[in-house]
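Listed below, chain by chain, are the residues.
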Amino acid sequence: MNNMTKKKTDKKEQGIDNLIDSLSDDLTPVNKLAHPALRVLPWVLIALVYMAGVLHFLGIRMDISEKLGETLFLYEMLLTLGIGLTSAYAAGWLSVPDMGERPWLLAIPTALFAAFATLIGCTIICNGLDTPKIDWHHCFSDTLLMGFIPMVLLLILVRKGATTKPYWMSFMCVLSSGSLAWAAIRMSCMSDRIGHNMIFHFLPFIVLALVFSALARKIYRW
């Protein structure tokens, strides 16, 4: 009886050893992911240079010197810049399966976005919402030109990781690119009407967010 048990144990151990050997034979070298900040930094630089080039192509608004003297406009620019940088950093950490045990990073861009939404809401309450005629306005095209390519580049960059939160990842990518593009297009478009800005500057990113959210699981499939 003991011999039979010993033979079964030896056979089982041999099977485990064979399984380990077969798995080891299939192993391929894997490069260690760089720190999220180092992986996202090139994208930030490329996105800023790209948007600056598009802004130069579209032209800076004629009253930019006056607008930069307005506290509310400066607050809006700094707020959207903060959203863009923190959400890009969060996207870099999201490409790590457990976010390096830093899930609180998601709260920073989300809180800044809530502050931006509050600013928009207060503007609507104070000035009203004058909805323009909805057609293919050139600002719609300009906004897509400003933000779409950086958004796709960031999606491709962070896809090299292995996120376990695909919806958060898509949201952070759209939020980062969209906020930076919002700041850039506000420096180009002369309109300060909130209805115009919401329809032609903000709506394109809502549409892109819905599209990328629907495709999130396919985009970030392991």
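Residues numbered from 1 in each chain as written. Predicted model: local features only at pLDDT ≥ 70, side-chain atom pairs only at ≥ 80, totals over all residues. Heavy atoms only, no water.

Colleague: Kindly report on the overall build of the protein chain, identifying the contributing residues and their values.
Modeller: Each helix and strand counted, the protein chain has nine helices and zero strands in total. Tracing the protein chain from N to C terminus, the helices and strands come up as α-α-α-α-α-α-α-α-α. When the 222 residues of the protein chain are sorted by exposure, 39% land in the buried category. The long-range share in the protein chain, meaning contacts at least 24 apart out of those at least 6 apart in sequence, stands at 83%. Approximately 13,200 Å² of the protein chain is accessible, and the part contributed by carbon and sulfur atoms is 68%. (Helix = DSSP H or I, 4+ residues; strand = E, 2+ residues; numbered from the N terminus. Buried < 20%, exposed > 50% of the residue type's maximum accessible area, 1.4 Å probe, protein only. Contact = heavy atoms within 4.5 Å. Areas by Shrake-Rupley, 256 points an atom, 1.4 Å probe, with all protein chains shown as cover.)

Colleague: An account of the packing of aromatic side chains is requested, with residue identities and associated values reported.
Modeller: Each aromatic ring pair is summarised here by two numbers: the centre-to-centre distance and the angle between the ring planes. In total, this model carries six aromatic pairs according to the counting rule given. For the pair Tyr89 and Trp93, a centre-to-centre distance of 6.4 Å together with 85° between the ring planes defines the contact as edge-to-face. With Tyr89 and Trp93 both in helix H4 (residues 71-94), this residue pair falls four residues apart, about one helical turn. Looking at Tyr89, the relative accessible area reads 29%, which means it is partly exposed. Residue Trp93 is classed as buried on the basis of its relative accessible area, which comes to 7%. (Phe/Tyr/Trp six-rings, centres within 6.5 Å; stacked < 30°, edge-to-face > 60°.)

Colleague: Report on the nonpolar core, specifying residues and quantitative values.
Modeller: Soluble globular proteins tend to bury their nonpolar side chains together. Formed by 36 residues in total, the largest nonpolar core has its most connected members in Trp43, Phe116, Met146 and Met172. For this core, the secondary structure elements donating two or more residues are helix H2 (36-58), H4, helix H5 (107-127), helix H6 (138-158), helix H7 (166-186) and helix H8 (194-214). Apart from the residues lying within four places of it in its own chain, the contact partners of Met146 are Tyr50, Met51, Val54, Leu55, Leu58, Ala181, Ala184 and Ile185. Core analysis: the next-biggest nonpolar cluster, separate from the first, contains five residues, Phe140, Cys189, Ile199 and Phe200 among them. (Core = buried A, V, L, I, M, F, W, Y, C linked by side-chain atoms within 4.5 Å.)

Colleague: Before we move on, could you go through H2 and cite the residues and values that matter?
Modeller: The end-to-end C-alpha distance of H2, which contains 23 residues, comes to 32 Å, matching closely the 33 Å that a straight helix rising 1.5 Å per residue would cover. Within H2, the full set of buried residues consists of Pro36, Arg39, Val40, Trp43, Val44, Ala47, Met51, Val54 and Leu55. Two residues or fewer past H2, Gly59 is found with a positive phi of approximately 100°. (Expected span 1.5 Å × (residues − 1).)

Colleague: Can you explain the environment of Phe116? Please cite residues and give values.
Modeller: Within the secondary structure, Phe116 sits in helix H5. A relative accessible area of 6% means that Phe116 is categorised as buried. Once the C-alpha coordinates of Phe116 and Tyr75 are considered, the two residues, 41 residues apart in sequence, prove to be 9.6 Å apart. In this structure Phe116 touches Glu76, Leu79, Thr80, Ile83, Trp182 and Phe202, once residues within four positions along its chain are discounted.

Colleague: Describe a nonpolar patch on the surface, listing the residues and the values that go with them.
Modeller: A cluster of nonpolar side chains, contributed by Leu203, Ile206, Val207, Leu210 and Val211, occupies part of the molecular surface with about 400 Å² of accessible area. On the basis of relative accessibility, which here comes to 60%, the residue Leu210 falls in the exposed class. (Patch = residues over 30% accessible without salt bridge, like charges linked within 9 Å, V, L, I, M, F, W, Y side chains within 5 Å. Salt bridge = Lys/Arg side-chain N within 4 Å of Asp/Glu carboxyl O.)

Colleague: Describe the pattern of salt bridges, listing the residues and the values that go with them.
Modeller: Under the definition given, this model contains six salt bridges. A salt bridge links Asp63 to Arg61, with the shortest nitrogen-to-oxygen separation between them at 2.7 Å. A salt bridge links Asp192 to Lys67; its shortest N-O distance comes to 3.1 Å. One end of the pair, Asp192, is in the loop between H7 and H8; the other, Lys67, is in helix H3 (residues 64-67), with 125 residues separating them in the sequence. Here Asp192 falls in the partly exposed class, since its relative accessible area comes to 37%. In this structure, a network of salt bridges that share partners links the residues Arg61, Asp63, Lys67, Glu70, Glu76, Arg186 and Asp192.

Colleague: Kindly report on H7, identifying the contributing residues and their values.
Modeller: Taking 1.5 Å of rise per residue, 21 residues should cover 30 Å, and H7 covers 30 Å from first to last C-alpha, within 8% of that figure. Counting buried positions along H7 yields 18 of 21 residues, so the element is predominantly enclosed.

Colleague: Report on the environment of Pro166, specifying residues and quantitative values.
Modeller: Examined against the element boundaries, Pro166 turns out to sit in helix H7. A relative accessible area of 12% places Pro166 in the buried class. When the C-alpha positions of Pro166 and Ser95 are compared, they lie 9.1 Å apart, and in sequence the two are 71 residues distant.

Purely geometric stuff here, so don't read any function into it on its own.
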